[in-house]
Number of protein chains: 6
Amino acid sequence: MAFTHLAEDGSARMVDVSEKVPTAREAVARGRVILGDKVFPLVKDRNLPKGDLFGAARIAGILAAKKTPELIPLCHPLPISKIEIHFALNEAEKSLEIEARVKTVAQTGVEMEALTAVSVAALTIYDMCKGIDKGIRITDIRLLEKRGGKSGEIILEKGGLHGSQKA
Amino acid sequence: MAFTHLAEDGSARMVDVSEKVPTAREAVARGRVILGDKVFPLVKDRNLPKGDLFGAARIAGILAAKKTPELIPLCHPLPISKIEIHFALNEAEKSLEIEARVKTVAQTGVEMEALTAVSVAALTIYDMCKGIDKGIRITDIRLLEKRGGKSGEIILEKGGLHGSQKA
Amino acid sequence: MAFTHLAEDGSARMVDVSEKVPTAREAVARGRVILGDKVFPLVKDRNLPKGDLFGAARIAGILAAKKTPELIPLCHPLPISKIEIHFALNEAEKSLEIEARVKTVAQTGVEMEALTAVSVAALTIYDMCKGIDKGIRITDIRLLEKRGGKSGEIILEKGGLHGSQKA
Amino acid sequence: MAFTHLAEDGSARMVDVSEKVPTAREAVARGRVILGDKVFPLVKDRNLPKGDLFGAARIAGILAAKKTPELIPLCHPLPISKIEIHFALNEAEKSLEIEARVKTVAQTGVEMEALTAVSVAALTIYDMCKGIDKGIRITDIRLLEKRGGKSGEIILEKGGLHGSQKA
Amino acid sequence: MAFTHLAEDGSARMVDVSEKVPTAREAVARGRVILGDKVFPLVKDRNLPKGDLFGAARIAGILAAKKTPELIPLCHPLPISKIEIHFALNEAEKSLEIEARVKTVAQTGVEMEALTAVSVAALTIYDMCKGIDKGIRITDIRLLEKRGGKSGEIILEKGGLHGSQKA
Amino acid sequence: MAFTHLAEDGSARMVDVSEKVPTAREAVARGRVILGDKVFPLVKDRNLPKGDLFGAARIAGILAAKKTPELIPLCHPLPISKIEIHFALNEAEKSLEIEARVKTVAQTGVEMEALTAVSVAALTIYDMCKGIDKGIRITDIRLLEKRGGKSGEIILEKGGLHGSQKA
């Protein structure tokens with residue numbers, strides 16, 4: 001078992017994918033923002049006419065997914081063919097779930113794109129709420145699903161925020 | 001209590017800081033990467049000659065801090081005057097702690113810069129280890145300390161990874 | 001009368017502002033998107049729960065204002081201290097007015113930042129509506145107001161979309 | 001008739017193009033800069049040895065076309081295979097016409113790339129001439145031609161500034 | 001013999017590659033940093049635990065290769081499939097050799113990506129050593145090898161720093 | 001004598017400049033592109049109406065100077081107040097000299113900005129001429145002058161391409 005991104009001498013490298021055939025790929029990632037007692041009711045009960053809180057976080061996440069190879073040094077540039085970001089409030093935990101779903105047809109997968117989208121959407125929520133409570137936490141950023149490529153389908157956890165639980 | 005980044009009609013806006021006087025500011029943020037049983041020993045026992053795993057994550061985090069206003073829509077561009085990123089392994093939790101410390105002399109604080117540095121350093125670790133285990137989780141990204149500006153010093157938790165616990 | 005951005009031999013240069021004292025500056029710019037008969041009623045009568053059409057254009061415009069020195073070759077990087085973008089529908093012309101208001105404390109003005117914000121917000125509206133009508137036009141992008149610096153206050157036209165006419 | 005970039009609940013999304021087959025595509029866009037009485041003769045009669053006014057605007061437009069997916073939130077990253085930008089002076093209107101022609105082989109079109117190139121080239125002209133007249137207007141940015149993909153060839157207006165009218 | 005990047009009237013253009021078939025391509029470039037008497041021994045005898053000097057330069061070079069179409073106005077965006085950067089110290093010349101090897105499957109080559117990677121890695125070395133000696137020089141940046149496309153294999157000089165001479 | 005950009009444990013860091021007072025600073029850097037027998041006469045005898053060869057390289061260099069903190073990991077973001085780039089042909093050496101002059105008022109200097117401008121202008125020349133000769137070399141990139149800050153004026157070599165030798 002070895003680090004694919006490190007050469008034998010330990011130096012970082014971008015893995016060679018030039019021999020691989022482009023295939024359809026998909027990744028779903030999720031994370032949670034613990035909003036807490038002060039921020040949660042304000043987010044939940046918002047009757048904001050334009051709702052730019054989630055709107056801004058969604059756009060930030062989509063743009064960040066496209067910036068992944070610029071942010072994560074050893075990521076390959078990929079022709080992303082779809083990005084969707086969904087939000088769901090969790091009353092019990094006073095938290096906000098964020099899920100990103102990314103697709104491509106490429107030689108390598110879009111896990112990092114999905115994880116980056118979730119991370120930056122979460123940071124945007126933090127930024128817009130930090131005037132109320134600086135103790136907000138971003139947590140549990142992880143990969144849920146991955147499809148395509150040599151390893152086929154991997155379901156670590158089932159995604160689907162765009163279904164019934166949606167904010 | 002209201003969202004400073006939303007106008008009365010709910011639309012997003014970049015808050016006006018033009019009347020504020022630039023002061024010295026600092027922020028410390030931290031996060032944790034749960035490496036798990038497969039990845040932790042490989043990271044811990046690495047006798048990699050160049051150690052590019054932490055090195056790459058550190059550079060990625062530093063560059064990301066400088067990109068914060070490009071990633072987080074309502075953040076102000078700031079003349080960052082210092083960025084440091086530290087790592088510490090936690091044997092019990094098989095995890096890696098990441099701490100960022102950012103300074104500026106500006107009209108607004110650098111919390112988002114520190115949180116963004118931690119997030120992108122953590123994503124870089126995930127990327128370089130995902131070939132071994134895709135179940136790695138990024139968790140507990142939060143602000144520890146904040147100094148300067150109208151609110152003065154706020155210590156939510158005491159930072160200091162660059163001390164004894166350092167990786 | 002000469003081009004300040006061209007040296008005597010006609011070569012492009014970034015004008016020297018190092019001797020100028022930073023002062024508070026503001027610029028207001030406006031533009032219009034001619035939506036036409038097909039798109040206008042859909043935009044006007046939208047009872048979209050999250051209204052991400054204007055939300056996305058606003059975020060795109062704010063981010064673009066911060067990218068101005070990267071897009072316009074001879075623009076100076078500036079510490080933008082505020083950006084606001086407003087929209088207003090014009091029933092008679094079946095059009096959408098977009099107005100950007102940008103502030104800084106710097107050695108040079110923010111006209112280009114305001115004009116860039118309007119342009120990119122307008123392009124984003126075009127992008128999101130082009131599936132319905134490709135004949136949409138972006139027109140009348142111009143400076144309305146400018147304050148601060150040697151030339152003081154210049155009012156070419158009075159801004160104020162954030163007032164009564166707001167969408 | 002619906003907004004393809006908005007999900008049923010009104011949230012923004014990047015449209016899924018992963019099922020589409022890459023085909024050759026082309027788009028031509030045009031816009032006009034109303035230079036006015038003061039600036040027009042200086043641009044027209046320039047006997048600038050290096051002519052960096054149009055040169056700078058052309059490079060800015062080409063670079064901006066490549067930045068389109070970074071500027072317009074829901075645009076897909078595309079492997080642009082050609083960009084050309086042409087200028088033509090219009091004596092009667094004291095204006096400058098700017099036309100961009102962009103090609104790709106991809107799953108979606110390059111309309112936004114051509115419109116973005118025109119917009120940023122126009123903003124660059126404004127920037128370089130604003131020291132002489134701040135009343136310059138950017139107007140009539142629109143799509144002229146589109147080729148390739150499911151909708152085939154669409155000619156809204158015939159392009160061709162690179163022909164006889166060229167500056 | 002003519003400049004492919006200039007139209008007949010001398011204006012810059014991005015060459016049309018839309019008719020070309022994507023093929024596997026590779027480029028190897030090299031450059032040298034003359035460190036001099038003060039800096040060379042410090043770099044050579046470093047027993048730095050993390051060796052972030054070369055690590056930082058390597059990451060900077062890899063990220064810069066991916067930014068090539070953003071930096072070099074007429075370069076096409078390409079799906080880079082591999083980047084490797086190698087260093088070798090030259091005792092006799094008190095210099096550091098930097099070699100970049102880049103691969104893609106695309107309609108045009110990656111010479112500029114390899115040259116840009118070498119240049120930015122060299123600038124990063126300069127930056128990190130300039131506190132000791134500002135007289136460091138970056139020199140002899142050139143293409144060594146090029147494979148793929150119409151011109152086939154071109155060996156101007158044989159690369160291979162990743163072999164015996166490696167730092 | 002130690003590397004200011006490496007902490008005691010060898011890890012990279014962005015040096016703390018928050019205690020330093022902003023002062024006027026200037027840097028001049030130069031480099032040479034060895035064009036060779038095939039390319040030199042074409043560049044020299046160009047009677048190109050728009051001369052976009054040098055124009056494109058100049059714009060690329062100016063934009064790159066503004067991107068320095070994004071390219072060079074440990075560079076501080078700076079409010080650049082002037083950038084000029086000059087070219088001079090050298091008949092004897094069949095080469096092109098490139099000189100960049102950058103100014104700021106900041107807590108740290110602009111050496112890296114000037115060196116980056118020269119490097120990217122040189123790469124742009126290479127790119128536009130590589131269709132004629134791939135053996136072009138970029139060489140002798142170095143700092144000539146530096147003014148401002150604690151170290152005051154340092155003249156390693158006298159700059160001044162904008163004088164008599166200008167291309």
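Criteria and cut-off values
- Residues numbered from 1 in each chain as written.
- Chains lettered and ligands numbered in written order.
- Predicted model: local features only at pLDDT ≥ 70, side-chain atom pairs only at ≥ 80, totals over all residues.
- Heavy atoms only, no water.
- UniProt positions renumbered as here; feature names shortened; annotations may be inferred.
- Contact = heavy atoms within 4.5 Å.
- Buried area = accessible area lost by both parts, 1.4 Å probe.
- Salt bridge = Lys/Arg side-chain N within 4 Å of Asp/Glu carboxyl O.
- Nonpolar A, V, L, I, M, F, W, Y, C, P; charged D, E, K, R; others polar.
- Least-squares fit on C-alpha atoms with pLDDT ≥ 70 in both.
- Helix = DSSP H or I, 4+ residues; strand = E, 2+ residues; numbered from the N terminus.
- Polar contact = N/O pair within 3.5 Å; in protein donor to acceptor, adjacent residues only side chain to side chain.
- Buried < 20%, exposed > 50% of the residue type's maximum accessible area, 1.4 Å probe, protein only.
- Pairing = 2+ DSSP bridges.
- Arc of directions from axis to C-beta.
- Axes fitted to C-alpha atoms, helices over the stretch in contact; angles between N-to-C directions.
- Left-handed = near helix turned anticlockwise from the far one by under 90°.
- Phe/Tyr/Trp six-rings, centres within 6.5 Å; stacked < 30°, edge-to-face > 60°.
- pLDDT = per-residue confidence, 0-100.

An unreviewed UniProt entry annotates chain A as Cyclic pyranopterin monophosphate synthase of Thermosulfurimonas dismutans. Regarding chain A, the UniProt comment filed under Sequence similarities (unreviewed entry) reads as follows: "Belongs to the MoaC family." Recorded in UniProt under Subunit (unreviewed entry), the annotation for chain A is "Homohexamer; trimer of dimers."

Right, let's talk about the interface of chain B and chain C for a bit. Listed by partner, the interface residues are 18 residues for chain B and 16 residues for chain C. Summed over both partners, the interface of chain B with chain C buries about 1400 Å², with 57% contributed by carbon and sulfur atoms. By the criterion of area lost to chain C, the three top residues of chain B are Met14, Pro73 and Pro77 of chain B, representing 34% of everything that side buries. Connecting chain B to chain C are two salt bridges. The residue Lys103 of chain C makes a salt bridge to Asp16 of chain B at a minimum N-O spacing of 2.8 Å. Taken together, the residues that form the side of chain B that touches chain C break down as 10 nonpolar, four polar and four charged.

By a simple turn and slide, chain B fits onto chain C: the slide is 0.0 Å along the axis, the RMSD is 0.0 Å, and the turn is 120°. Given the turn and translation reported, the copies of this chain are related as if by a three-fold rotation axis. Across chain B, the smallest distance between a C-alpha and the rotation axis is recorded for Pro79 of chain B, namely 4.7 Å.

Another aspect to go through is the arrangement of the chains. The smallest C-alpha distance separating chain C from chain E is 10 Å, and no contact links them. You won't find any contact between chain A and chain F; their C-alpha atoms come no closer than 10 Å.

Time to look at the side chain of Glu99 of chain A. Structurally, Glu99 of chain A is set in strand β3 (residues 95-106). A distance of 2.9 Å separates a polar side-chain atom of Glu99 of chain A from the backbone nitrogen of Gly160 of chain A.

One frequent convention defines the size of an interface as the accessible area lost when the parts assemble. Across the boundary between the two partners, chain A contributes 56 residues, which contact 56 residues of chain B. In total, chain A and chain B occlude about 4900 Å² of area from one another, counting both sides; carbon and sulfur atoms represent 69% of this. Together, Phe3, Leu123 and Lys134 of chain A form the three largest contributors to the area buried by chain A at its contact with chain B, with a combined 13%. Remark: the boundary between chain A and chain B carries six salt bridges.

Glancing now at the relation of the copies chain A and chain B. With an RMSD of 0.0 Å, chain A superimposes on chain B once it is rotated by 180° and translated 0.0 Å along the axis. Such a turn and shift between the copies fits a two-fold axis. Ranked by how close their C-alpha atoms come to the rotation axis, the residues of chain A are headed by Thr139 of chain A, at 2.0 Å.

A few words on the side chain of Thr68 of chain A. Positionally, Thr68 of chain A belongs in helix α3 (residues 68-71). Not counting residues up to four positions away in its chain, the partners in contact with Thr68 of chain A are Cys75, Met112, Glu113 and Thr116 of chain A.

A few words now on the pattern of salt bridges. Side chains that carry opposite charge are capable of pairing whenever their charged atoms lie near each other. Scanning all chains against the criterion turns up 125 salt bridges over all chains. Measuring nitrogen to oxygen at the nearest pair gives 3.8 Å for the salt bridge that ties Glu70 of chain A to Lys67 of chain E. Taken together, the positions of Glu70 of chain A in helix α3 and Lys67 of chain E in the loop between α2 (52-66) and α3 (68-71) put the pair across two chains. A single burial state applies to Glu70 of chain A and to Lys67 of chain E, both of which are buried. Two residues, Arg32 of chain B and Glu97 of chain B, come together in a salt bridge whose shortest N-O distance is 2.6 Å.

On to the environment of Ile132 of chain B, then. Residues and elements named next belong to chain B. Of note, Ile132 is situated in the loop between α4 (111-129) and β4 (137-147). Judged by its relative accessible area of 7%, Ile132 is buried. For Ile132 and Leu42, which are 90 residues apart along the polypeptide, the C-alpha to C-alpha distance reads 9.7 Å.

All names here are of chain F. Strand β1 (residues 23-34) sits mainly inside the fold: nine of its 12 residues count as buried. Bridge count for β1 against strand β3 (residues 95-106) is 12 bridges, and the pairing is antiparallel. For Ala29, the partnering residue across the bridge sits in β3 and is Ala100. Strand direction decides the pairing type here: β1 and strand β4 (residues 137-147), joined by eight bridges, are antiparallel. In the sheet register, Ala29 faces β4, and the bridge partner there is Leu143.

As a further point, take helix α1 (residues 36-44) of chain B. Residue pairs spaced three or four apart in an α-helix point in one direction, given the helix's 3.6 residues per turn. All names here are of chain B. Those residues of α1 that fall on the buried side of the exposure criterion are Gly36, Val39, Phe40 and Val43. Viewed along the axis of α1, the buried residues span an arc of 105°, placing them on a single side of the element. In the core, the buried residues of α1 are packed alongside β1 (23-34), α2 (52-66), β2 (80-90), β3 (95-106) and α4.

Let us now look at the UniProt feature "active site" (unreviewed entry) in chain A. Under the UniProt annotation, "active site" (unreviewed entry) lies at Asp127 of chain A. Tracing the backbone through its elements, the reader meets Asp127 of chain A in helix α4 (residues 111-129). Residue class for Asp127 of chain A comes out buried when judged on its relative accessible area of 2%. With near-sequence residues (within four places) excluded, Asp127 of chain A lies in contact with His5, Ile72, Leu74, Cys75 and Met112 of chain B.

On to the packing of α2 of chain E against helix α4 (residues 111-129) of chain E. How two helices sit against one another is set out by the angle between their axes and by the gap between those axes. Residues and elements named next belong to chain E. The interhelical angle for the contact between α2 and α4, taken along N-to-C directions, is 145°, at an axis separation of 7 Å. As α2 runs across α4, the sense of the crossing is right-handed. Residues Asp52, Leu53, Phe54, Ala56, Ala57, Ala60, Gly61, Ala64 and Ala65 of α2 touch α4, and the partners they reach there are Glu113, Thr116, Ala117, Val120, Ala121, Thr124, Ile125, Met128 and Cys129. In terms of residue class, the contact of α2 with α4 is made up of 13 nonpolar, three polar and two charged.

Our focus in this paragraph is the packing of aromatic side chains. Residues and elements named next belong to chain B. Applying the stated criterion across every chain yields a total of six aromatic pairs over all chains. On the basis of an interplanar angle of 15° and a centroid distance of 4.7 Å, the ring pair of Phe54 and Phe87 is categorised as stacked. Within this pair, whereas Phe54 is found in helix α2, its partner Phe87 is found in strand β2, the two being separated by 33 residues in sequence. The exposure class of Phe87 is buried, given its relative accessible area of 1%.

On to the confidence of the model for chain A, then. Looking at chain A as a whole, the pLDDT averages 90, with 92% of positions reaching at least 70. The low-confidence segment residues 163-167 of chain A, where pLDDT is below 50, has 14 contacts with residues more than four positions distant or belonging to other chains.

What follows deals with the environment of Ala121 of chain C. All names here are of chain C. Turning to its location among the elements, Ala121 is positioned in helix α4 (residues 111-129). Taking relative accessible area as the criterion, Ala121 reaches 0% and is therefore assigned buried. For the pair Ala121 and Arg58, spaced 63 residues apart in sequence, the C-alpha to C-alpha distance is 6.1 Å. Discounting residues that sit within four places of it in the chain, Ala121 has contacts with Ala57, Gly61 and Ile98.

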